[in-house]
Amino acid sequence: MVQKISYCRICQASCGIIANVEDNRIVQIVGDADNPLSQGFTCPKGRRGGELLAGPSRLTQSLKKQPDGSFAPIDPLVAAAEIGARLTEIIGESGAESAGMFRGTQQAFNSLTRSIAAAWWKGVGSHKIFSTMTIDQSAKWVVSGRMGDYMGGRQGFDDADVWMLAGTNPLISVNGGTADGVLMHNPSASLRAARERGLKLIVIDPRRTETAYQADIHLMPVPGHDALIFAGILNIILSEGLHDREFCDRFADGVEALADAVASATPQRVEAVTGIPAGQLLEAARLFAKGPRGMVSTGTGVCMGPDSNVAEHLATCINVVCGRYRREGEPAFGPAVMMPDLPARAEVSPPARSWERGWRSRFGAGVLMGELPSCTLNDEILEPGEDRIRALIVSGANPLLAMPDADRTRRAFASLDLLVAIDTRLSETAQMADYVIAPTMFYERGDHTMTMEYVFPKPYAMATGPIVEPPPGTIDDWRFFFELARVMDIPIRVSGRDLDMDAPPSSETLLQWAAGRGRVPLAEIAAAPHGLLAAPRQAKVEPASDAMKDNRLQLIPEDVAQEIAAALARPGAGDGELRLIVRRMRGIMNTLGREFRDIGDGFNPAHFHPGDMARLDIAEDSQVRLTSRHGSVTAVARADPTLRPGCVSLTHGWGGLDPASAQGVNVNVLTGHDALTQTVNHMPVLTGVPLMVERAA
Ligand SMILES: Nc1nc2c(c(=O)[nH]1)N[C@H]1C(S)=C(S)[C@@H](COP(=O)(O)OP(=O)(O)OC[C@H]3O[C@@H](n4cnc5c(=O)[nH]c(N)nc54)[C@H](O)[C@@H]3O)O[C@H]1N2
Ligand SMILES: Nc1nc2c(c(=O)[nH]1)N[C@H]1C(S)=C(S)[C@@H](COP(=O)(O)OP(=O)(O)OC[C@H]3O[C@@H](n4cnc5c(=O)[nH]c(N)nc54)[C@H](O)[C@@H]3O)O[C@H]1N2
Ligand code: SF4
Ligand SMILES: [Mo]
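Everything quoted here is computed from the prediction, not taken from an experiment. (Residues numbered from 1 in each chain as written. Chains lettered and ligands numbered in written order. Predicted model: local features only at pLDDT ≥ 70, side-chain atom pairs only at ≥ 80, totals over all residues. Heavy atoms only, no water.)

## A look at the site of ligand 2
Okay, so step 1: Around ligand 2 lies a shell of 29 residues, among which Thr105, Asp423, Arg425, Asp477 and Thr591 are the nearest.
Okay, so step 2: Within the side chain of Arg584, an N or O atom sits 3.2 Å from an oxygen atom of ligand 2.
Okay, so step 3: The protein chains hide 98% of the 920 Å² of surface that ligand 2 would expose on its own.
Okay, so step 4: Here the shell around ligand 2 is built from residues that sort into ten nonpolar, 13 polar and six charged. (Near = heavy atom within 4 Å. Polar contact = N/O pair within 3.5 Å; in protein donor to acceptor, adjacent residues only side chain to side chain. Areas by Shrake-Rupley, 256 points an atom, 1.4 Å probe, with all protein chains shown as cover. Nonpolar A, V, L, I, M, F, W, Y, C, P; charged D, E, K, R; others polar.)

## Concerning the site of ligand 3
Okay, so step 1: The environment of ligand 3 is made up of Cys8, Ile10, Cys11, Ala13, Ser14, Cys15, Thr42, Cys43, Lys45, Gly46 and Val174.
Okay, so step 2: The cavity where ligand 3 resides is the largest cavity.
Okay, so step 3: Partitioning the shell around ligand 3 into residue classes produces seven nonpolar, three polar and one charged. (1 Å grid on protein atoms, 1.4 Å probe; cavity = no way out; pocket = protein on both sides within 12 Å on 5 of 7 lines; lining within 4 Å. Sits in = over half its atoms within 2 Å of the grid points.)

## Considerations on the domain arrangement of the chain
Okay, so step 1: For the chain, the assigned domains are domain 1 (154-325 + 552-563) and domain 2 (573-695).
Okay, so step 2: For domain 1 and domain 2, the distance between their C-alpha centres works out to 26 Å.
Okay, so step 3: Listed as interface residues are 26 residues of domain 1 and, on the opposing side, 23 residues of domain 2.
Okay, so step 4: Linking domain 1 with domain 2 are zero salt bridges.
Okay, so step 5: Going through the elements one at a time, helix H7 (170-173), helix H14 (300-303) and helix H15 (308-321) are the ones with two or more residues in the side of domain 1 that touches domain 2. (Domains from an automatic or database assignment. Contact = heavy atoms within 4.5 Å. Salt bridge = Lys/Arg side-chain N within 4 Å of Asp/Glu carboxyl O. Helix = DSSP H or I, 4+ residues; strand = E, 2+ residues; numbered from the N terminus.)

## Quick word on the sheet that holds strand S29 (residues 647-649)
Okay, so step 1: Strand order in the closed barrel formed by six strands is S25-S29-S26-S28-S27-S30, and the pairing between neighbours is mixed. Across the sheet, the mean angle from the axis of one strand to that of its neighbour is 45°, orientation sign disregarded.
Okay, so step 2: In this structure, strand S27 (residues 623-627) lies alongside strand S30 (residues 689-695), joined through four bridges in antiparallel fashion. Across the sheet, Thr627 pairs through a bridge with Met692, a residue of S30. (Pairing = 2+ DSSP bridges. Axes fitted to C-alpha atoms, helices over the stretch in contact; angles between N-to-C directions.)

## A word on the side chain of Glu380
Okay, so step 1: Structurally, Glu380 is set in helix H16 (residues 377-382).
Okay, so step 2: When its relative accessible area of 0% is taken as the criterion, Glu380 is described as buried.
Okay, so step 3: Within the local environment of Glu380, its side chain forms a polar contact with the side chain of Lys128, the two groups lying 3.1 Å apart.
Okay, so step 4: Residues contacting Glu380, with those up to four places away along its chain left out, are Lys128, Phe130, Ser361, Arg362, Phe363, Leu372, Asp387, Arg388 and Ile389. (Buried < 20%, exposed > 50% of the residue type's maximum accessible area, 1.4 Å probe, protein only.)

## Here we look at empty space enclosed by the protein
Okay, so step 1: For the structure shown, the criterion picks out five cavities of 30 Å³ or more.
Okay, so step 2: Here the largest cavity is characterised by a volume of approximately 100 Å³.
Okay, so step 3: Considering the residues around the largest cavity, the lining is formed by Cys8, Ile10, Cys11, Ala13, Ser14, Cys15, Phe41, Thr42, Cys43, Lys45, Gly46 and Val174.
Okay, so step 4: Classifying every residue of the lining of the largest cavity gives eight nonpolar, three polar and one charged. (Points joined across faces, edges and corners; volume = space filled by probe spheres on them.)

## Here's the deal with the state of the cysteines
Okay, so step 1: Per the stated rule, a full pass over the model turns up zero disulfides.
Okay, so step 2: Note on Cys317: no disulfide assigned, nearest cysteine sulfur contributed by Cys248 at a separation of 9.6 Å.
Okay, so step 3: When its relative accessible area of 0% is taken as the criterion, Cys317 is described as buried. (Disulfide = S-S within 2.5 Å.)

Dropping the structure here:
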């Protein structure tokens, strides 16, 4: 048995690990205590990572769908040649826009795939590129696009006096919201330590989560009204004059108009709609405003609700009016080590509103951070039109379960002329595909943490080589895209270099080039086996540059003002109304990890407050029928006293193509496009969804 040092790539936390390897198999994974970022922490799914490589669900060869619907093995290079030829044919008939690409979470934790896939896609010339971000927290992109960004950096968690976590449960998700590395490693102990040094924690969550248990104030609202709650908090701060006037005068436009816009959100109104006692809201707003340091950060509970864009906008307004950013002369924070980075300056980068310029889809969607909203993908495939998507490449994603409106997604995918899934197992999406490409997995390939740097709490970097050999039939994700490009005669340019299409570089060379503009040479990073912490990039926040010094954050542009008014007028829940809310499981990463059958229940139960179960005469472990305006599923009921009454919490990522034999149910049968779908990012409502519940026969 040999011990190998590496890092886990199941999620963004990138925890350092030590693996015991025997006969090319990982038999045990433990946290690496010498890793300066994660310091020995791992989560249960990370410790089980080896099973994903060698377990029964692992695909070790690529597959091609046969006329009778079965799969037969195919060499990945032969598959690339056939797929490339078919794509060329479809594009020749219907134009470049008839090809689409969908990128998922597991594309993101692999430094080379995204850039090579993007370079290939540029040559394809289609705008139809989608990712899970627009069914996740793209409200953050929308806020930045409409408000602008302060470029001096956010205040940090380590020296904060107060922190507000809304709609995020980092003790399970290791994702403290706004990508600033809050509570990313050993979250439970880190939070306890922060509170011991005096941090005050405010949590807004309809469930008394693992995180909320540690809160000084836990606001437990009816789900789906975060916009009103944040408006209520702003109203208290601005009407009591608790805001940071100096920061506002220097960097923000529209403070008075914002105060007017939120004036109707009185503590009494917030209480009437959300059930948060008026006194508790006042206490939370004043505690946060007192600071003096610390931020509001939000997660999926806010970004997946109705009015998600304006809720996120108002949360950011709380940070702005309280001035919770690093000022000129304060210590700067920059996580970039291998990534090129902008210097921290006390200035504002103006709103870009990229979606208002350039190309627009026939469904009215503009381009947001280079991509189109995933909620429009089904229309792009199903609605007749000249640029209808006929061919779709799915990379590191399982949209059949992840996308809202599951039944329609399935119809859409079934109608494609070509569906290709690049996946390490026969996911639900792969099962429907014409070709399934079996890639290598983490621990079988070298990589570095470059693309994750922006979410790390410290300037940290690690490089790893492969620690086991990949199954012989597999191909690196990036290499498959390279092969498609070669077949389609598309040149690939990455890291400022044109690749020789007849002689692909090695992964090591590509990783080296990718990190070539970093401030620490890759050789130095690779020589630190446990990863390294870099010295701060820049000591202090610099003054504004001449070109940017007059820019200001736009707190309340016209479209935002209208959306605030609509959100604040939204009625509360009717008597006895139940609402579906989002939840994540410790042992599962979206749809990945269901193969660990002994983690959790092996399915996704529908959790109810015991009082609701009594009222509806639902027994523990009995079958219940959940019906929304989009569809119905039958799930197993479980009592969960941590929930606010009226909430039904059900994890996504379960269920399958055949409900009779699937583990759990697909919650996205209950979600979809409706009147509450957001402008700009077309974000659907995935939490706070009204439900009817009845006992199933
Ligand atoms: N174990 C595990 N970790 C994961 C993942 C996983 O699947 N499993 N997924 C990863 C991914 S892709 C992401 S995007 C992140 C997400 O990370 P988080 O955003 O932290 O996700 P959750 O832990 O579900 O926390 C969301 C919280 O919002 C609450 N909530 C529900 N509705 C509302 C509402 O209307 N208002 C408010 N204020 N709160 C509400 C829920 O009760 C829940 O506690 O996690 C990542 N980490
Ligand atoms: N109702 C509801 N829907 C949701 C959510 C919710 O909270 N509620 N959450 C949303 C969020 S935040 C997200 S991020 C999405 C997640 O949506 P996805 O990213 O589509 O979901 P995953 O299950 O993570 O899909 C990743 C796929 O990549 C495969 N994979 C693993 N390793 C590799 C690899 O090395 N290479 C390749 N090519 N493939 C690999 C896995 O087997 C898996 O099938 O779901 C969204 N959908
Ligand atoms: S939190 Fe868990 S899944 Fe994420 S990187 Fe760490 S060990 Fe892996
Ligand atoms: Mo996500």
